[in-house]
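# Coordinate inspection notes
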Amino acid sequence: MRHLYWFICIVFWGFITYTLFSCTYSNKELSTTIPDQISYNFHIRPILSDNCFACHGPDANKREAGLRLDIEAEAFKTLAESPGKFAFVPGKPHESQVWQRINSSDEKELMPPPDSNLTLTAYQKDLIHAWIKQGAGYEKHWAFVPPKKRDLPEVARSEWAKNPIDFFILNKQEALGIEPNPEANRERLLRRVSFELTGLPPDLEMMDAFLSDSREDAYERLVDTLLSRPSYGERMAVFWLDVARYADSYGYQLDNLRTQWPWRDWVIHAFNQNLPYDTFIRWQLAGDLLPNPTKEQLLATGFNRNHKITEEGAIDEEEYRVTYVADRTNTLGKALLGITLECAACHDHKYDPISQKEYYQLFSFFNNIDERRTSTTPIDPLVGKPASYAKKPLMEITDEDVQTVLSFVNKQDTSRLIVSVMGELDTLRKNHIRERGVFDAYGEEVFPATPEAILAFPTASPANRVGLVDWLFDPKNPLTARVFVNLIWKDVFGRGIVNTPGDFGMQGELPSHPELLDWLAVDFMENGWDIKRLMRQLVTSATYRQSVISEAGKRDADPDNTYYTRFSRGHLKAEFIRDMVLASSGLLVRELGGPSVKPYQPPGLWEGATAGGSTLAEYHQDHGDALYRRGLYTFVKRTVPSPAMLIFDASNRDQCEVERGNTNTPLQALVMMNDPTVLEAARVLASRLLLEDSTMADKITKAFKLILCRTPKEKELTLMLGYFQNKKEAVDERSAKELLAVGEYTLESDLDPIDTAALMQVIATLYNLEETINRS
């Protein structure tokens, strides 16, 4: 029966969406009070959303003939199968077919049907009834409505709040009858925020200073100190390199070497200089089109040349060129708009109001780029007036540049340094809809424009990438600020306010705290798109300072930490785990920027997985200081990424990524137990501690402070002292020397090898603690 079909789809998907994706009503029965004003977006759509993926069985192909309740104009049409009857009759639930069928006592009429094993809760039914009675009002999708900065909500425990963020968080908690955790102790808080803002553990001097600082604003002073350190830019760059799909190779089969690292140096520099976010993006998307662009602005446009580029022969050049343009378009959608634009490349978007034509209108902004292939194009020195080199797809960074306008680029020799940048063609390339997404199936001709559902393109702006940036940062654009503050929030708190940071559309999760998201977005815009200020806001909040303790009752009430009743645990980023090991042992080389490095890696990986003729067919490990650089600088070969990084969920940089997984696997334990970097760090730290005039208890206590950033408990210290003694008695001199042979770093000393090996194993054990590699 076709008249039942549409309802099966609606209720089935509603149940799935409600169960899996609703943030507002996850932990469903926490709140059963019907709101005074029902919101279609936040109360009804999670129940009544239509989705073709939910349609199974023989009638699935009839979807287009079915009723779409997510489209207001269709929801109030007379039913084709039941003339004169309507799904919704505003103000009259009992005349609405939806209400009748979810309450029917006839199994043939009841929805969802009994054989689906799905049911609606009484609360869901009450919501639908109240919404129809209130007029069944529809709303534009929440993410396409410009954010508004509402007043701070009232809370009973206002003394808990440290800044405005906390009022929104506490208001939701109090409404649900749950409470926040107490503040973490000072040692844990210090370690947490140090990794948050620099990606490094605090040194002993900082620990002593903070723990002895009794001033009321000691924590805020600590935050300001960390934000001012050069390592802040490195920490933020790790986040942005994933977004920008940065790599040290071109990808595809040959996967040859490329030298985009000066762009990475610029990213570090931009974050340290606190370049406003709107300027940060303007330079990356359109720096070459600015009036008299500087070399720094040109270098910034490497952002949109970081994608994979083929250097193979016997290919269709146009097919790959279209692939590059699509990559830039999709990156714009995922990174800056939080919209799955790529879903409209072959046909109109199935769920979001973006047509295929609008996709290729956005595509047009990136379609006029000079795409000459790097391996076959002669490279002439790019000198003279800016206009002469803004037209090139490549830019040379000279020794003179790094002494003047590009002083932040860590160029270490006199060899030629070429970076891929953006540059427009002299003549406009025509653009067409690609039918079915096929690169040479030309349809209607299109011109640069933006999706109307988001915001119409400003008529006063040029129809190029400069105009696109104007559109992105138009105060009426509903997405740009929301998406960025949510990206940063998720990076800091481990869970986004919208927990699908790359999808703010119909298929994405609803925001758990929509008023907070809007408040942050507007506040970010009002304060000059200041990224450091945003980071400071987040980490100084009481919400951020909570302990990680997860009590059974609270865990049951808020299992996914949707309401931020505790600080979320999870392992440190792959790069920061490496940084922690090197920094705590004293091995870390704190040089800023420069070429990527090749640390220890199992032999044969590149050789066994690389096509002949590649410039990266063999892995040549670095030596000396290059072995001890921060994880940020580890060489990224797209086809064979660093295994230690991948195991800890780092991106392979094939495409734009706005979030990483956070897995917990046995492979991670094997890395920490066997990685030469970890073992070498344990050896070096053991040697350095043994050179100090102190007791073994003092040495182990210091190791605890360096690695875990806290003093050991008496039981822990006793256990480790016993472990040291056991290892000392169990090893002979020959075995000890074999154990100490790991790594290339040497210490000139006459230390007892048995003592050194025993203490090395104590320290290796500390590196392997869950607490060591986790945020806590």
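Residues numbered from 1 in each chain as written. Predicted model: local features only at pLDDT ≥ 70, side-chain atom pairs only at ≥ 80, totals over all residues. Heavy atoms only, no water.

## Structural notes on the environment of M422
As a reminder, the rule being used: Only runs of H or I of at least four residues qualify as helices and only runs of E of at least two qualify as strands under DSSP, and these elements are numbered from the N terminus.
Within the element layout of this structure, M422 appears in the loop between strand 4 (418–420) and strand 5 (432–434). Counting along the chain gives 123 residues from M422 to L299, while the straight-line C-alpha distance between them is 8.6 Å.

## Side note on the packing of helix 7 (residues 186–198) against helix 9 (residues 218–227)
In plain terms, the rule: For helices, the axis comes from a line fit to the C-alpha atoms of the stretch in contact; other axes are also lines fit to C-alpha atoms, and the angle between any two N-to-C directions lies between 0 and 180 degrees. In what follows, roughly perpendicular refers to angles from 65 to 115 degrees, roughly parallel to angles under 35, roughly antiparallel to angles over 145, and oblique to any angle outside these ranges. By definition, turning the near helix anticlockwise from the far helix through less than a right angle yields a left-handed crossing, and turning it clockwise yields a right-handed one. Residue contacts are counted whenever heavy atoms from the two residues lie within 4.5 Å of one another. Amino acids outside the nonpolar list (Ala, Val, Leu, Ile, Met, Phe, Trp, Tyr, Cys, Pro) and the charged list (Asp, Glu, Lys, Arg) are all regarded as polar, and Gly is one of them.
Look at helix 7 against helix 9: their axes get within 9 Å of each other, and the N-to-C directions meet at 25°. As judged from the angle between their axes, helix 7 and helix 9 are roughly parallel. Helix 9 is crossed by helix 7, and the crossing has right-handed handedness. Taken together, the residues of helix 9 that come into contact with helix 7 (itself represented by R186, L189, L190, V193, S194, L197 and T198) are A218, Y219, L222, V223, L226 and L227. Looking at the contact of helix 7 with helix 9 residue by residue, the classes come out as 10 nonpolar, 2 polar and 1 charged.

## Re the packing of aromatic side chains
Formally: We call Phe, Tyr and Trp rings a pair once their centres come within 6.5 Å, taking the six-membered ring for Trp, and we label the pair stacked below 30 degrees between planes, edge-to-face above 60, and tilted otherwise. Only protein chains enter the accessibility calculation, which uses a 1.4 Å probe; a residue is then buried when its area is under 20% of its type maximum, exposed when over 50%, and partly exposed in between. Here, over-ring charges are defined by two tests on the NZ atom of lysine or the CZ atom of arginine: distance to the ring centre within 6 Å, and angle to the ring normal within 35 degrees.
What the rule picks out here adds up to 36 aromatic pairs. Between the aromatic rings of Y246 and W263, the centroid separation amounts to 6.2 Å while the plane-to-plane angle is 20°, which identifies the pairing as stacked. Placement of Y246 in the loop between helix 10 (230–243) and helix 11 (261–272) and of W263 in helix 11 is noted, with a sequence separation of 17 residues between them. Summarising the burial analysis for this pair, Y246 and W263 share the class buried. Measuring from ring centre to ring centre gives 5.5 Å for F365 and F457, while their planes differ by 40°; the resulting arrangement is tilted. Here the residue F365 occupies a position in the loop between helix 15 (356–364) and helix 16 (386–389), and F457 occupies one in the loop between strand 6 (442–445) and helix 18 (465–472), the gap between them amounting to 92 residues. Within the aromatic cluster, the residues linked to one another by ring pairs are F239, W240, W266, F271, F280, W283 and F303. The cationic tip of K308 hangs over the ring face of Y252; the distance from NZ or CZ to the ring centre is 4.8 Å. A cation over a ring is seen here: R629 above Y633, with NZ or CZ 4.2 Å from the ring centre.

## Considerations on the pairing of strand 2 (residues 82–86)
Definition in use: Only strands joined by at least two bridges in the DSSP assignment are considered to pair.
Summarising the sheet, strand 1 (residues 78–79) and strand 2 pair through 2 bridges and their orientation is antiparallel. Along strand 2, the bridge assignment pairs T78 with F86. Where strand 1 folds back onto strand 2 in an antiparallel hairpin, the turn is made up of 2 residues.

## Here's the deal with the pattern of salt bridges
This is how it is decided: A carboxyl oxygen of Asp or Glu within 4 Å of a side-chain nitrogen of Lys or Arg is what we treat as a salt bridge.
By the definition in use, this model includes 44 salt bridges. The salt bridge partner of R660 is D242, with a shortest N-O separation of 2.6 Å. Of this pair, R660 sits in the loop between helix 25 (643–647) and helix 26 (666–674) while D242 is found in helix 10, placing the two residues 418 residues apart along the sequence. Residue K728 is joined to D755 by a salt bridge in which the shortest nitrogen-to-oxygen separation is 3.1 Å. Taken as a pair, K728 in helix 29 (residues 714–730) and D755 in helix 31 (residues 753–767) lie far apart in primary sequence, 27 residues in all. Three or more residues joined by partner-sharing salt bridges are found here, namely E196, R235, D491, K573 and R775.

## Notes on unusual backbone geometry
A positive phi angle, close to 45°, is found at N292, a residue other than glycine. Structurally, the position occupied by N292 is in the loop between helix 12 (277–286) and helix 13 (295–300). The exposure class assigned to N292 is exposed, which follows from its relative accessible area of 66%.

## Observations concerning the confidence of the model for the protein
To be explicit about the condition: Every residue is assigned a pLDDT by the predictor, reflecting its confidence on a scale from 0 to 100.
Per-residue confidence for the protein gives a mean pLDDT of 89, with 91% of residues at or over 70. For the stretch residues 1–30, pLDDT sits under 50, and the model shows 91 contacts to residues farther than four places along the chain or on other chains. Scored below 50 in pLDDT, residues 50–65 shows 26 contacts in the model against residues more than four places distant or in partner chains.

## Comments concerning helix 31
Stated formally: Multiplying 1.5 Å by the helix residue count minus one yields the expected span of that helix. Whenever two N or O atoms come within 3.5 Å, that pair is a polar contact, provided that in protein one can donate a hydrogen and the other can accept it, and provided that, for residues adjacent in sequence, both atoms are side-chain atoms.
In this model helix 31 runs 21 Å from its N-terminal to its C-terminal C-alpha over 15 residues, within 8% of the 21 Å that 1.5 Å per residue would give. With 12 of its 15 residues buried, helix 31 lies for the most part within the structure. When helix 31 is considered as a whole, its buried residues turn out to be P753, D755, T756, A757, A758, L759, M760, V762, I763, A764, L766 and Y767. The opening residue of helix 31 is D752, an N-cap whose side-chain oxygen sits 2.7 Å from the backbone nitrogen of I754.

## Observations concerning the packing of helix 7 against helix 8 (residues 204–211)
Following both chains from N to C, one finds helix 7 and helix 8 inclined at 135°, their axes separated by 11 Å at the closest point. One way to sum up the angle between helix 7 and helix 8 is to call them oblique. Taken as a pair, helix 7 and helix 8 cross one another with a handedness that is right-handed. Contacts from R186, E187 and L190 in helix 7 reach M206, M207, F210 and L211 in helix 8. Of the residues assigned to the contact of helix 7 with helix 8, the class counts are 5 nonpolar, no polar and 2 charged.

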